[in-house]
Amino acid sequence: MTILDGKKISNDIKDEITTTVAQMKAKGEKTPHLAAVIVGEDGASLTYVGSKVRACARVGFESTLIQLPDDITQDDLLNKIQELNQDAEIDGFIVQLPLPKHIDTQAILLAVDPKKDVDGFHPENFGKLALDMETFIPATPFGIMELLKRYDIETSGKHTVVIGRSHIVGRPMSILMSRKGQPGDSTVTLTHSRTKDLAHYTREADIVISALGVPNFLTADMVKKGVVIIDVGITRVPDANAAKGYVITGDVDFAEVSEKASYITPVPGGVGPMTIAMLLQNTLLARQRS
Ligand code: GUN
């Protein structure tokens, strides 16, 4: 069994980006600049956005964090997005999700200039992903594809079972794994909360990609020997013994499933760090394409 070390691979990618940015700067080119918008005070979202901003400094990017109050109106948020669209200094930006309930998320994502949409959430970019056109691939699915690529994991002709149909992970992941190429060329089953007998599908799977958000959901009896496991779950589970009062737990019962798997991502240290590295990669692409 091999552990897919997202922390190491993400550091390799960050090193590669650092080198590219240093060369750009030496040539007098503009430094890539990522902006992140966060609305409200959700603890997990603040942590993720903080990590994204810190990662910018690590590779030599400029970054701007825009914190907006929970009760901001949709119009004011749309105005902020227009400002970022028009700001020539900003190469790419993200609006951290989820947004408060009174805001229409699709209206916000639709307002982002597709050329600066480094999350790849704009319908134009999502459509391009489905059509194999140049786009920004959403960072988490992009990170998973990069892990599969760098560990040279065979995906062609394999049965990939994706758990969860979110717009951020499950849905784009199912498209990417079915596209032509390596990684890709997989036969994909997209399962979700209405799937009957989900274990029937996971037991048949050569590759399981779980993005459900239910701690320890996937158990050893649900997978076959030699399976490749990608765990996208990052749920905070209360734990009085932990310094922060919680532990980050994946969708996969790592202790037992790792006994049967050929490859498996840990949580933390698997998919999570890859997401941040690929957001940086997309920001670099946005700069290079502009
Ligand atoms: N919320 C959870 N994951 C993501 C992500 O990749 N991008 C944004 N903008 N929000 C998220």
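This text goes with the structure placed above it.
Small disclaimer: the values here were computed from a predicted structure and weren't measured.

**Topic: the site of the ligand**
Lining the immediate environment of the ligand, one finds Lys 52, Val 95, Gln 96, Leu 97, Asp 119 and Phe 121. Residue Val 95 places a main-chain N or O atom 2.9 Å away from a nitrogen atom belonging to the ligand. One nitrogen or oxygen atom from the main chain of Leu 97 is found 2.9 Å from a nitrogen atom belonging to the ligand. Relative to its unbound accessible area of 280 Å², the ligand is 83% covered by the protein chains. Residues of the shell around the ligand, tallied by class, amount to three nonpolar, one polar and two charged.

**A short note on the packing of aromatic side chains**
Summed over the entire model, instances satisfying the criterion amount to zero aromatic pairs. Lying across the ring of Phe 136, Arg 289 places its NZ or CZ 4.8 Å from the centre.

**Digging into the nonpolar core**
In terms of nonpolar packing, the biggest core is built from 47 residues, with Ile 17, Phe 61, Ile 144, Ile 209, Ile 230 and Val 232 touching the most fellow members. When residues of this core are traced back to their parent elements, those giving at least two are α1 (6-26), β2 (33-39), α2 (43-59), α6 (139-150), α7 (170-178), β7 (207-210), β8 (228-231) and α10 (271-289). Sort the elements by how many residues they give to this core and α10 lands first, with nine residues. For Ile 17, the residues in contact, after removing those within four places along its chain, are Val 59, Phe 61, Ala 277, Leu 280, Gln 281 and Leu 284.

**Some points on a nonpolar patch on the surface**
Among the surface-exposed residues, Met 1, Ile 3 and Phe 254 lie close enough to one another that they form a single nonpolar patch of about 270 Å² accessible area. For Ile 3, the position within the fold is in strand β1 (residues 2-3). Here Ile 3 falls in the partly exposed class, since its relative accessible area comes to 39%.

**Describing the pairing of strand β3 (residues 62-68)**
Relative to β3, β2 runs parallel, the two sharing seven bridges. By the bridge assignment, Leu 34 is partnered in β3 with Ser 63. Viewed along the sheet, the connection from β2 through α2 into β3 turns out right-handed.

**A word on the packing of α6 against α7**
When two helices pack together, their arrangement is given by the angle between the helix axes and by the axis-to-axis distance. Viewed as axis vectors pointing N to C, α6 and α7 meet at an angle of 35°, and their least axial separation amounts to 9 Å. In this structure, the crossing between α6 and α7 has a hand that is right-handed. From α6, Pro 141, Ile 144, Met 145 and Leu 148 reach across to α7, where they touch Pro 172, Met 173, Leu 176 and Met 177. Looking at the contact of α6 with α7 residue by residue, the classes come out as eight nonpolar, no polar and no charged.

**Remarks on helix α3 (residues 74-86)**
Spanning 13 residues, α3 covers 18 Å between terminal C-alpha atoms, matching the ideal 18 Å at 1.5 Å per step. Among the residues making up α3, those that are buried are Leu 77, Ile 81, Leu 84 and Asn 85. One side of α3 holds all its buried residues, which, seen down the axis, span an arc of 105°. In α3, the exposed residues that point more than 90 degrees away from the buried face are Asp 75 and Gln 86. Next to the buried residues of α3 lie β2, β3, β4 (92-95) and α4 (105-111).

**Quick word on the side chain of Thr 160**
Here Thr 160 is to be found in strand β5 (residues 159-163). A polar contact of 2.7 Å, which involves the side chain of Thr 160, links it to the side chain of Ser 186. Leaving out residues up to four positions away in the same chain, Thr 160 has contacts with Met 177, Ser 186, Thr 187, Val 188, Thr 189, Ile 207 and Ile 209.

**Observations regarding the sheet that holds strand β6 (residues 187-191)**
Pairing within the open sheet is parallel, and its six strands lie in the order β1-β11-β8-β7-β5-β6. Two strands close off the open sheet at either side, each with one partner strand: β1 and β6. Judged from the two bridges that link them, β1 and strand β11 (residues 263-264) form a sheet pairing that is parallel. When the bridges of β11 are listed, Thr 2 appears paired with Tyr 263.

**Digging into the environment of Asp 12**
Within the element layout of this structure, Asp 12 appears in helix α1. C-alpha of Asp 12 to C-alpha of Ala 277: the two residues are 265 residues apart in sequence and 9.2 Å apart in space. Here the side chain of Asp 12 touches Lys 8 through a polar contact of 2.7 Å, side chain to side chain.

**Let's talk about unusual backbone geometry**
Backbone torsion omega between Leu 97 and Pro 98 reads 0°, so that peptide bond is classified as cis. Position of Pro 98 relative to the elements: it lies in the loop between β4 and α4. That bond from Gln 182 to Pro 183 is cis: its omega, -5°, falls within 30 degrees of zero. For Asp 152, which is not a glycine, the phi torsion comes out positive at approximately 55°. Its place among the elements puts Asp 152 in the loop between α6 and β5. Of the residues examined, Asp 152 reaches a relative accessible area of 64% and is grouped as exposed. Here the phi dihedral of Asp 185 falls at roughly 55°; this positive angle occurs in a residue that is not glycine. You can see Asp 185 is positioned in the loop between α7 and β6. Judged by relative accessible area, which is 33%, Asp 185 ranks as partly exposed.

About the criteria used
- Residues numbered from 1 in each chain as written.
- Predicted model: local features only at pLDDT ≥ 70, side-chain atom pairs only at ≥ 80, totals over all residues.
- Heavy atoms only, no water.
- Near = heavy atom within 4 Å.
- Polar contact = N/O pair within 3.5 Å; in protein donor to acceptor, adjacent residues only side chain to side chain.
- Areas by Shrake-Rupley, 256 points an atom, 1.4 Å probe, with all protein chains shown as cover.
- Nonpolar A, V, L, I, M, F, W, Y, C, P; charged D, E, K, R; others polar.
- Phe/Tyr/Trp six-rings, centres within 6.5 Å; stacked < 30°, edge-to-face > 60°.
- Lys NZ or Arg CZ within 6 Å of the ring centre and 35° of its normal.
- Core = buried A, V, L, I, M, F, W, Y, C linked by side-chain atoms within 4.5 Å.
- Buried < 20%, exposed > 50% of the residue type's maximum accessible area, 1.4 Å probe, protein only.
- Helix = DSSP H or I, 4+ residues; strand = E, 2+ residues; numbered from the N terminus.
- Contact = heavy atoms within 4.5 Å.
- Patch = residues over 30% accessible without salt bridge, like charges linked within 9 Å, V, L, I, M, F, W, Y side chains within 5 Å.
- Salt bridge = Lys/Arg side-chain N within 4 Å of Asp/Glu carboxyl O.
- Pairing = 2+ DSSP bridges.
- Right-handed = clockwise from strand over helix to strand, strands pointing away.
- Axes fitted to C-alpha atoms, helices over the stretch in contact; angles between N-to-C directions.
- Left-handed = near helix turned anticlockwise from the far one by under 90°.
- Expected span 1.5 Å × (residues − 1).
- Arc of directions from axis to C-beta.

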